[in-house]
Amino acid sequence: EDRFARESAIADLEVALALGGIDMEVVAVGGIGLGAERRTELTAGGGVGGMIADWQSVLSAVRKLEGAATLPVGYYGVSMGTAYGIPFLATEPAIRVAALGMWPDAVAGVTRLIEKAPAVRCAVQFVHREEDQFFEQPATRRLFDLLGSQEKTFVVLPGPHEETPDQIQSAADYLAAHLTAAQT
């Protein structure tokens with residue numbers, strides 16, 4: 001069992017629950033195989049296209065449900081969720097707002113995110129952890145600066161590279177504010 005995969009699934013559920021008290025529908029779609037073996041595949045450049053296609057299929061299916069076609073759509077994904085999320089957001093115009101972060105502009109020489117980030121147009125909250133043991137703030141800030149979003153916020157929170165209740169609540173509040181504003 002991979003601790004990172006387990007913690008990521010728990011955090012996705014916590015964000016969905018934090019949003020659950022708001023009058024909106026929430027769909028949580030995790031990544032398959034997110035763990036040490038998947039991080040190796042990601043840095044080698046594999047798997048992203050398939051993940052994007054899967055997420056687009058889920059979004060398309062949800063949009064076909066009664067009353068869902070015009071609902072605003074948000075995205076939550078930090079760390080690996082940002083590594084996969086930026087290419088998804090760059091190609092998916094239905095997403096209005098995203099909470100991202102804890103990922104740099106390049107990992108092991110892979111620069112795919114540098115190329116995709118300018119195409120991201122939704123509102124973005126991007127978080128960095130002060131004691132992040134994997135990525136330094138200048139590298140995460142470079143990725144944030146590359147995002148093509150007109151509305152974006154860089155948030156620095158204390159602590160190491162992990163999702164915590166304060167970070168999850170901050171992301172949920174940001175998503176909820178933008179999604180509920182889009183419904184009025």
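Presented here is a report on the structure given in the accompanying data block. (Residues numbered from 1 in each chain as written. Predicted model: local features only at pLDDT ≥ 70, side-chain atom pairs only at ≥ 80, totals over all residues. Heavy atoms only, no water.)

In this section: the packing of aromatic side chains. For the coordinates displayed, the defined rule picks out nine aromatic pairs. Summarising the aromatic geometry, the rings of tryptophan 55 and tyrosine 84 are spaced 6.3 Å apart at their centres and angled 70° between planes, so their arrangement reads as edge-to-face. With tryptophan 55 in helix α3 (residues 48-63) and tyrosine 84 in helix α4 (residues 80-91), the pair connects residues that are 29 residues apart, well separated along the chain. Overall, the relative accessible area of 9% leaves tryptophan 55 in the buried class. Arranged with centres 5.9 Å apart and planes meeting at 50°, the rings of tyrosine 75 and phenylalanine 88 form a pair that is tilted. Of this pair, tyrosine 75 sits in strand β1 (residues 73-76) while phenylalanine 88 sits in helix α4; the two residues are 13 residues apart in sequence, bridging distant segments of the chain. A network of ring pairs unites the aromatic residues Trp55, Tyr75, Tyr84 and Phe88 as a single cluster. (Phe/Tyr/Trp six-rings, centres within 6.5 Å; stacked < 30°, edge-to-face > 60°. Helix = DSSP H or I, 4+ residues; strand = E, 2+ residues; numbered from the N terminus. Buried < 20%, exposed > 50% of the residue type's maximum accessible area, 1.4 Å probe, protein only.)

What the rule picks out here adds up to two salt bridges. The partner of aspartate 145 in a salt bridge is arginine 141, and the shortest N-O contact between them spans 3.1 Å. In this pair, aspartate 145 and arginine 141 are both assigned in helix α6 (residues 137-146), four residues apart and thus about one turn of the helix distant. Residue classification places aspartate 145 among the partly exposed residues on the basis of a relative accessible area of 45%. (Salt bridge = Lys/Arg side-chain N within 4 Å of Asp/Glu carboxyl O.)

The next point concerns unusual backbone geometry. Phi is positive for serine 79, close to 60°, though the residue is something other than glycine. One can find serine 79 in the loop between β1 and α4. Overall, serine 79 belongs to the buried group, its relative accessible area being 15%. A positive phi angle, close to 55°, is found at methionine 102, a residue other than glycine. When its relative accessible area of 1% is taken as the criterion, methionine 102 is described as buried.

Here we come to the pairing of β1. Bridge count between β1 and strand β2 (residues 95-101): four bridges; the pairing is parallel. Counterpart to glycine 74 in the pairing with β2 is valine 97. After leaving β1, the chain enters α4 and then returns to the sheet as β2, a path that is right-handed. (Pairing = 2+ DSSP bridges. Right-handed = clockwise from strand over helix to strand, strands pointing away.)

On to the pairing of strand β4 (residues 152-157). On any regular strand, side chains alternate: one points to one face of the sheet, the next to the other face. Pairing between strand β3 (residues 123-129) and β4: six bridges, direction parallel. By the bridge assignment, arginine 129 is partnered in β4 with leucine 157.

The subject of this paragraph is the side chain of histidine 161. Note that histidine 161 resides in the loop between β4 and α7 (165-183). With a relative accessible area of 7%, histidine 161 lands in the buried category. Here aspartate 132 takes part through its side chain, which lies 2.7 Å from a polar atom of the side chain of histidine 161. With near-sequence residues (within four places) excluded, histidine 161 lies in contact with Ser79, Met102, Arg129, Glu131, Asp132, Gln133, Phe134 and Phe135. (Polar contact = N/O pair within 3.5 Å; in protein donor to acceptor, adjacent residues only side chain to side chain. Contact = heavy atoms within 4.5 Å.)

An ideal rise of 1.5 Å per residue puts 22 Å on 16 residues; α3 measures up with 22 Å between its terminal C-alpha atoms. Listed as buried for α3 are Val48, Met51, Ile52, Trp55 and Leu59. Angular distribution of buried residues about the axis of α3 spans 100°; they occupy a single face of the element. (Expected span 1.5 Å × (residues − 1). Arc of directions from axis to C-beta.)

None of the figures reported here should be taken as evidence of function without further support.
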